[in-house]
Amino acid sequence: MVVEAVGCGDGTAGPLSLYEGADIEELHEVVSSRLSPHRLTILGKQVLPGRLQVFHAGSVGLYDLGFGAPVRLRVGDLPDFYCQLPRVGSVAVVVNGAALSSPLCAGGPGDSVLTEQDHLAVNSALAMSRQLVEEVLAVRLGDVPHKPLRFDQHVLDPADPAVQSWLALVQSFRQFVLSPLSRSSELGVRHFERLLVDTLLGAQPHSWSKSADRAAALLPSALRRATEFCDERAGDAVSVCDIAQAARVSVRTLREAFRTHLDTTPLAYLRRVRLDHAHHDLKAIADGSARGTVTEVACRWGFTHLGRFSAEYRAAYGCSPSETTRSRH
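As the structure is a computational prediction, the values presented were derived from the model and not from experiment.

> Which residues make up empty space enclosed by the protein, and what values do they have?
The tally for this structure, following the rule as stated, stands at one cavity of 30 Å³ or more. Size it by volume and the largest cavity reaches roughly 360 Å³. For the largest cavity, the lining is made up of 20 residues, of which Ser-36, Val-75, Gln-84, Thr-115 and Ala-125 are closest to its centre. Put simply, the parts of the chain that give the lining of the largest cavity at least two residues each are β5 (71-75), β6 (81-88), β9 (105-107), β10 (113-117) and β11 (122-128). A per-class count over the lining of the largest cavity returns 12 nonpolar, eight polar and no charged.

> Describe unusual backbone geometry, and please don't skip the residues or the numbers.
With phi around 55°, Asn-96 is a residue other than glycine that occupies positive phi space. Given a relative accessible area of 37%, Asn-96 falls into the partly exposed group. Phi angles above zero are rare outside glycine, and Arg-248 is one such case at about 65°. Among the structural elements, Arg-248 can be located in the loop between α8 (240-247) and α9 (251-262). A relative accessible area of 47% places Arg-248 in the partly exposed class.

> Requested: an account of the layout of surface pockets, with residues and values cited.
Size it by volume and the largest pocket reaches roughly 840 Å³. Around the largest pocket, the lining is made up of 27 residues, and of these His-191, Arg-194, Leu-195, Cys-241 and Val-251 lie nearest the centre. When contributions to the lining of the largest pocket are tallied by element, the ones reaching two or more residues are α2 (130-141), α5 (186-203), α8 and α9. The dominant element in the lining of the largest pocket, judged by the number of residues it contributes, is α5, at nine residues.

> Before we move on, could you go through the packing of aromatic side chains and cite the residues and values that matter?
A complete count under the given rule lists seven aromatic pairs for this structure. Ring geometry for Phe-81 against Phe-151: centres 6.1 Å apart, planes inclined by 85°, an arrangement best described as edge-to-face. One end of the pair, Phe-81, is in strand β6; the other, Phe-151, is in the loop between α2 and α3 (161-177), and 70 residues separate them in sequence. For Phe-81, a relative accessible area of 4% translates into the label buried. The interplanar angle of 40° and the centroid separation of 5.0 Å between the aromatic rings of Phe-303 and Phe-309 together place this pair among those described as tilted. Overall, Phe-303 belongs to the buried group, its relative accessible area being 8%.

> Explain the nonpolar core residue by residue, including any values.
A general feature of soluble globular proteins is that nonpolar side chains tend to end up buried together. By size, the foremost hydrophobic cluster in this structure holds 31 residues, and its most contacted members are Cys-83, Met-128, Leu-156 and Trp-166. Among the elements of the structure, β4 (60-66), β6, β11, α2, α3 and α5 are those that each provide at least two residues to this core. Broken down by element, this core gets its largest block of residues, seven residues, from α3. Aside from chain neighbours lying at most four places away, what touches Leu-156 is Cys-83, Leu-85, Ser-102, Leu-104, Cys-105, Ala-106, Val-163, Trp-166, Leu-200 and Gln-204. Formed by 29 residues, the second largest nonpolar core is a distinct cluster that contains Leu-27, Leu-35, Leu-52 and Phe-67.

> How would you summarise the environment of Phe-192 if you had to cite specific residues and measurements?
With respect to the helices, strands and loops of the structure, Phe-192 is situated in helix α5. Residue classification places Phe-192 among the buried positions, given a relative accessible area of 14%.

> Explain the side chain of Arg-174 to me, and be specific about the residues and the numbers.
Structurally, the position occupied by Arg-174 is in helix α3. For Arg-174, a relative accessible area of 7% puts it in the buried group. Contacts of Arg-174, omitting those with residues within four sequence positions, involve Phe-55, Leu-62, Asp-64, Arg-87 and Ser-124.

> Could you give me a rundown of the environment of Glu-135, with the residues and numbers involved?
Its place among the elements puts Glu-135 in helix α2. The class of Glu-135 is partly exposed, set by a relative accessible area of 34%. On a C-alpha basis, the gap between Glu-135 and Asp-198 in space is 9.8 Å, while along the polypeptide they are 63 residues apart. A distance of 3.3 Å separates the side chain of Glu-135 from the side chain of Arg-194, its partner in a polar contact.

Basis of the calculations
Residues numbered from 1 in each chain as written. Predicted model: local features only at pLDDT ≥ 70, side-chain atom pairs only at ≥ 80, totals over all residues. Heavy atoms only, no water. 1 Å grid on protein atoms, 1.4 Å probe; cavity = no way out; pocket = protein on both sides within 12 Å on 5 of 7 lines; lining within 4 Å. Points joined across faces, edges and corners; volume = space filled by probe spheres on them. Helix = DSSP H or I, 4+ residues; strand = E, 2+ residues; numbered from the N terminus. Nonpolar A, V, L, I, M, F, W, Y, C, P; charged D, E, K, R; others polar. Buried < 20%, exposed > 50% of the residue type's maximum accessible area, 1.4 Å probe, protein only. Phe/Tyr/Trp six-rings, centres within 6.5 Å; stacked < 30°, edge-to-face > 60°. Core = buried A, V, L, I, M, F, W, Y, C linked by side-chain atoms within 4.5 Å. Contact = heavy atoms within 4.5 Å. Polar contact = N/O pair within 3.5 Å; in protein donor to acceptor, adjacent residues only side chain to side chain.

This is how it looks when you write it as structure tokens:
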């Protein structure tokens with residue numbers, strides 16, 4: 001039967017049960033409509049209740065699925081991007097006719113997937129919309145891709161440190177979406193969704209990996225957009241993500257570009273821009289064309305720790321902020 005209740009019994013949020021029961025055919029219909037159409041073959045007697053639980057449904061969805069019986073699932077062409085992350089039981093996966101060495105797998109549009117699993121198997125499915133993946137890829141490339149993304153290899157290597165970190169991030173996402181914080185921060189959820197996609201594209205080789213690596217050297221135009229944004233928004237609360245979005249590249253690409261071309265980091269560059277503005281304002285106080293104090297100038301340009309501001313200022317200009325205000329040249 002389809003179950004609508006949600007909660008863990010202790011007042012905290014829990015996954016929503018979309019189906020729980022012994023009718024595998026009904027479960028098959030729910031899974032097909034919620035995730036992707038597939039062909040189901042029942043290989044043996046049902047031993048445990050089947051279930052489909054949703055932890056999060058959005059541009060990235062997170063589900064747990066168990067049939068409670070040995071089954072074979074065949075998907076002819078994935079509509080979106082999916083990662084299968086087995087939690088318990090025995091699972092074997094074949095993608096595009098090739099058997100994978102691990103049931104941890106990633107696939108997308110154009111891929112056909114066959115899965116055989118025992119009655120104990122419970123799989124987590126991370127479903128990423130094609131639109132979101134392409135948006136994140138465009139940011140990594142600095143341009144809209146002219147052909148679809150395909151994974152070069154579909155197995156997620158559990159021995160790869162990058163994959164291990166990404167799997168830990170998925171587990172953190174599972175915990176986050178069940179927390180009260182996720183319900184009070186829709187923007188935070190969307191950021192987490194994009195983070196999962198972006199880090200997967202960094203960890204798993206795909207058809208655009210080399211282009212993304214070349215973009216890491218960064219086009220001067222994107223770097224110009226980043227520096228202009230810093231100049232124009234120096235007085236605002238700006239994060240490295242804001243700078244990357246303005247430059248239309250990923251945060252990783254942005255950082256590598258600043259290091260390669262300017263031998264600094266985006267936030268260090270922004271601090272220097274703010275320092276230059278503060279220096280200009282302090283000189284204006286010194287020549288009488290403006291009024292104010294060192295504290296007011298520092299806070300105006302985002303320096304709330306006056307000791308650190310003075311140290312950075314002296315390192316840049318060879319004198320303290322207060323000495324600048326007393327200077328007449």
